[in-house]
Amino acid sequence: MALSDVFIIFIFLVEVIILTKFEIKIWGTLFTPLNILMIPYVIILLITIALPKSLGFVEFYYPSIIFWMVGLLVFFLPSLLIGLKYNQQCSLKPVTYYEDAKISKLLVILISFFLFFSLIHIFLTSGSSANLLGSDEYAEDNLAGGLWGHIRVFLIASLILLIFDFDKAKSKYIFLIFGILVVAMLYQVKSWIIVPLIAGFLYRFFSKKSKLNPFLILLIIISGGFIFFLSYYLLLVASVDGEFTNDTSEFIVEHFLHYLTSGVNGLSVDMRAGFLETPKPEYVFAPFINIVYMFTGDKLIIPISDIYHDTGLGGTNVLTFFGTLFIHLGMLGSILYVLLFSGLIYLLLKYVKSTSSMYFTAIYVWWCSLLFMGWFEFYFWNLSFIEIPIFYLLINSLDTYIKIPKIKLR
């Protein structure tokens, strides 16, 4: 490691420590958008750098960290301005426990209804489909789009609320949680299993319903690893009626390390090569454009790069949160996007700290969970960025105006 590389990583870590302390001081909680974006990236970055060269990874390009050094400072500016203004207007109180935040009877009925018919749909299609249950082809044909795709997204949104509201008195929720995880697992996209779980736990931590401790951190890490293992077990063994061998185990471990470091390494390799992608600003705004295209009948934008970078263990087309923004919007466009988005999510944070609104907090933690995955990719070009908040607003309206009675299990 060159002296310049040591200097870059040192300055970056100092920046992270200072920004983390400022965020906690301003907002009275660790669980701010900047911290949730920043801390996971730092952990993955340090893991990437620490992995032995004997594994086969290409040499890491330290100047790629500069994108995050600049990006985090830009992201922090709206936090500072909005946070200071908020503190001037009122005394900042600790995040409340959300005592009155409980899932409504209506929502439990809707979850049960859609989950039941989703499982029936899976059962019927698994017997008639030419694609094997657990395969990518089955997921694409039966769970990805159309009616069943939207129902799956609704169940993901519901999973976050179920995890938040779960306690000993509501142990029956475990059946709904498990059923939704089955549907999500069969969709065969690991991120869309991990992200809602992260959002659910973030909700519990943010609302102080649960305390962040080493045991929970270990549980979350183990759960993420288990989901990754199970996903590949279904793909490589169960769906093809194969055997689990030492080669299979070695492949899964190597692929896990590749997946874990692919965003950080992808940006590193791409920057060293001089950035090979063609800028496509429409990718960044794909959810908004695709909503219009649904009505006009135009072909939907699928924001997936067809350029793969060799990291040593495989190819990757993901470039982290700030890397993807820079590729498609350039320096000025990225700065403007980050300023606007950061301003929006910090205004949302200000609102939920003032009101303890269950559904608006759910929107907040959902967006924060997408930020959490910033070490991997820019997730805000997916339709669920907008679709899940719409589901929450619709349910909130039903609860508000129809006055569905709350479940009282305590």
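For the structure, check the block above.
Residues numbered from 1 in each chain as written. Predicted model: local features only at pLDDT ≥ 70, side-chain atom pairs only at ≥ 80, totals over all residues. Heavy atoms only, no water.

J.: Is there a simple way to think about the overall build of the protein in this case?
T.: Across its full length, the protein holds 15 helices and 2 strands. Out of the 410 residues in the protein, the part that is buried amounts to 51%. If you take every contact in the protein between residues at least 6 apart in sequence, the share linking residues at least 24 apart comes to 77%. (Helix = DSSP H or I, 4+ residues; strand = E, 2+ residues; numbered from the N terminus. Buried < 20%, exposed > 50% of the residue type's maximum accessible area, 1.4 Å probe, protein only. Contact = heavy atoms within 4.5 Å.)

J.: Which parts of the structure should I look at to understand unusual backbone geometry?
T.: Trans peptide bonds make up the majority, and among non-glycine residues the majority have a negative phi. Its identity is not glycine, yet Lys208 carries a phi of approximately 65 degrees, on the positive side. For Lys208, the position within the fold is in the loop between α8 (191–206) and α9 (214–236). Of note, Ser356 is a non-glycine position whose phi angle comes to about 55 degrees, a positive value.

J.: I'm lost on the pattern of salt bridges in this one. Help?
T.: For side chains of opposite charge, pairing can occur when their charged atoms come near one another. A complete count under the given rule lists 2 salt bridges for this structure. With a closest N to O distance of 2.9 Å, Lys170 and Asp165 form a salt bridge. Residue classification places Lys170 among the buried positions, given a relative accessible area of 2%. Judged by relative accessible area, Asp165 falls into the buried class, the value being 0%. The salt bridge involving Lys209 is made with Asp165; its shortest N-O contact spans 3.6 Å. Highlighted residues: Lys209 in the loop between α8 and α9 and Asp165 in helix α6 (residues 146–165), separated in sequence by 44 residues. For the pair shown, Lys209 and Asp165 are each scored as buried. (Salt bridge = Lys/Arg side-chain N within 4 Å of Asp/Glu carboxyl O.)

J.: Looking at this structure, I do not really get the nonpolar core. What am I missing?
T.: As a rule of thumb, nonpolar side chains are buried together in soluble globular proteins. Among the nonpolar cores identified, the biggest contains 118 residues, and Phe12, Ile65, Phe321, Trp366 and Phe380 are the most heavily contacted of them. In contact with Ile65, other than residues within four places in its own chain, are Ile8, Ile9, Phe12, Tyr41, Leu45 and Phe60. (Core = buried A, V, L, I, M, F, W, Y, C linked by side-chain atoms within 4.5 Å.)

J.: Looking at this structure, how should I read empty space enclosed by the protein?
T.: Which parts of space are left empty comes out when a probe the size of a water molecule is rolled across the atoms. In this structure the tally under the stated criterion is 2 cavities of 30 Å³ or more. What the largest cavity holds in volume is close to 50 Å³. Contributing to the lining of the largest cavity are Tyr283, Ser305, Asn317, Leu319, Thr324, His328, Glu377 and Trp381. Across the lining of the largest cavity, the residue classes tally to 3 nonpolar, 4 polar and 1 charged. (1 Å grid on protein atoms, 1.4 Å probe; cavity = no way out; pocket = protein on both sides within 12 Å on 5 of 7 lines; lining within 4 Å. Points joined across faces, edges and corners; volume = space filled by probe spheres on them. Nonpolar A, V, L, I, M, F, W, Y, C, P; charged D, E, K, R; others polar.)

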